[in-house]
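# Descriptive structure summary
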Amino acid sequence: QVQLVESGGGLVQAGGSLSLSCVASGGTFSRYHMGWFRQAPGKEREFVGAIWSGNSIYYADAVKGRFTISRDNAKNTVRLQMNSLKPEDTAVYYCAAGWLIGATKSHDYNYWGQGTQVTVSS
């Protein structure tokens, strides 16, 4: 069983930056593929990006070039660096862990954090 805890959310002006962290406990972190998702009010949960256990990274088109995902297996941590934030990036951001490489759908991930709120003001 893996527990995930996100941190780093907050309020930022458009054009600003935030860095989210997700710390995992339980299981062997290096074996998991880690994904980031977000959910805005009234919308479905949306894939943001993922870093597979071999450190290949994939981003959704909406964040490509602005967001960067990294992982530190020694610290059981995955990070989401968000630059050039836009009001449409406002959402609750979740990290997730799973076994399926290449997964971009929420149902393909097995473990979820509680989420952290990111609000971008215009």
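Now for a description of the structure that goes with this document. Residue numbering note: each chain is counted from 1, following its sequence as written. Where totals are concerned, whole chains, interfaces and linings use all residues; where local detail is concerned, this predicted model gives features only for residues with pLDDT of at least 70, and gives and counts side-chain atom pairs only at 80 or more. To get the side-chain values, all heavy atoms of the structure are used, and hydrogens and water are removed first.

### What to know about the pattern of salt bridges
We count a salt bridge whenever a side-chain nitrogen from Lys or Arg sits within 4 Å of a carboxyl oxygen from Asp or Glu. One pass over the full model with this rule turns up four salt bridges. Among the salt bridges present, the one from Lys64 reaches Asp61, with a minimum N-O distance of 3.1 Å. Lys64 sits in the partly exposed class, given a relative accessible area of 48%. Categorising residues by exposure relies on relative accessible area from a 1.4 Å probe, with only protein chains included: less than 20% of the type maximum marks a residue as buried, more than 50% marks it as exposed, and the intermediate range marks it as partly exposed. On the basis of relative accessibility, which here comes to 63%, the residue Asp61 falls in the exposed class. Arg66 serves as the salt-bridge partner of Asp89, at 2.7 Å between the closest nitrogen and oxygen. Of this pair, Asp89 sits in the loop between strand 8 (77-82) and strand 9 (91-98) while Arg66 sits in the loop between strand 6 (57-59) and strand 7 (67-72); the two residues are 23 residues apart in sequence, bridging distant segments of the chain. The exposure class of Asp89 is buried, given its relative accessible area of 1%. What you see here is one network of salt bridges that share partners, running through Arg38, Glu46, Arg66 and Asp89. Going along the chain from the N terminus, every DSSP run of H or I of four or more residues is numbered as a helix, and every run of E of two or more is numbered as a strand.

### Structural notes on the packing of aromatic side chains
Put simply, two rings from Phe, Tyr or Trp (the six-membered ring, in Trp's case) pair if the centres are within 6.5 Å, and we call them stacked under 30 degrees between planes, edge-to-face over 60, tilted for the rest. Within the structure shown, the criterion is met by eight aromatic pairs. Taking 5.3 Å as the distance between ring centres and 80° as the angle between the ring planes, the aromatic pair formed by Phe37 and Tyr109 counts as edge-to-face. Here Phe37 is found in strand 4 (residues 33-39), whereas its partner Tyr109 is found in the loop between strand 9 and strand 10 (111-112), with 72 residues between them in sequence. Pairing Tyr94 with Trp112 gives two aromatic rings, centres 6.3 Å apart and planes at 80°, and the pair type is edge-to-face. With Tyr94 in strand 9 and Trp112 in strand 10, the pair connects residues that are 18 residues apart, well separated along the chain. Among the residues examined, Tyr94 registers a relative accessible area of 13% and is labelled buried. Three or more aromatic residues joined by ring pairs form one cluster here, namely Phe37, Phe47, Tyr58, Tyr94, Tyr109 and Trp112. Cation placement over rings: the criterion is NZ of Lys or CZ of Arg within 6 Å of the ring centroid and within 35° of the ring normal. Between the NZ or CZ atom of Arg45 and the centre of the ring of Tyr94, over which it lies, the distance is 3.9 Å.

### Focus: the state of the cysteines
For this text, the term disulfide refers to a pair of cysteine sulfurs within 2.5 Å. In total, this model carries one disulfide according to the counting rule given. The residue that forms a disulfide with Cys22 is Cys95, at a sulfur-sulfur distance of 1.9 Å. In this structure, the disulfide formed by Cys22 and Cys95 twists by about 50° around the S-S bond and is classed as right-handed. Within this pair, whereas Cys22 is found in strand 3 (residues 18-25), its partner Cys95 is found in strand 9, the two being separated by 73 residues in sequence. Here Cys22 and Cys95 have matching classes, each one buried.

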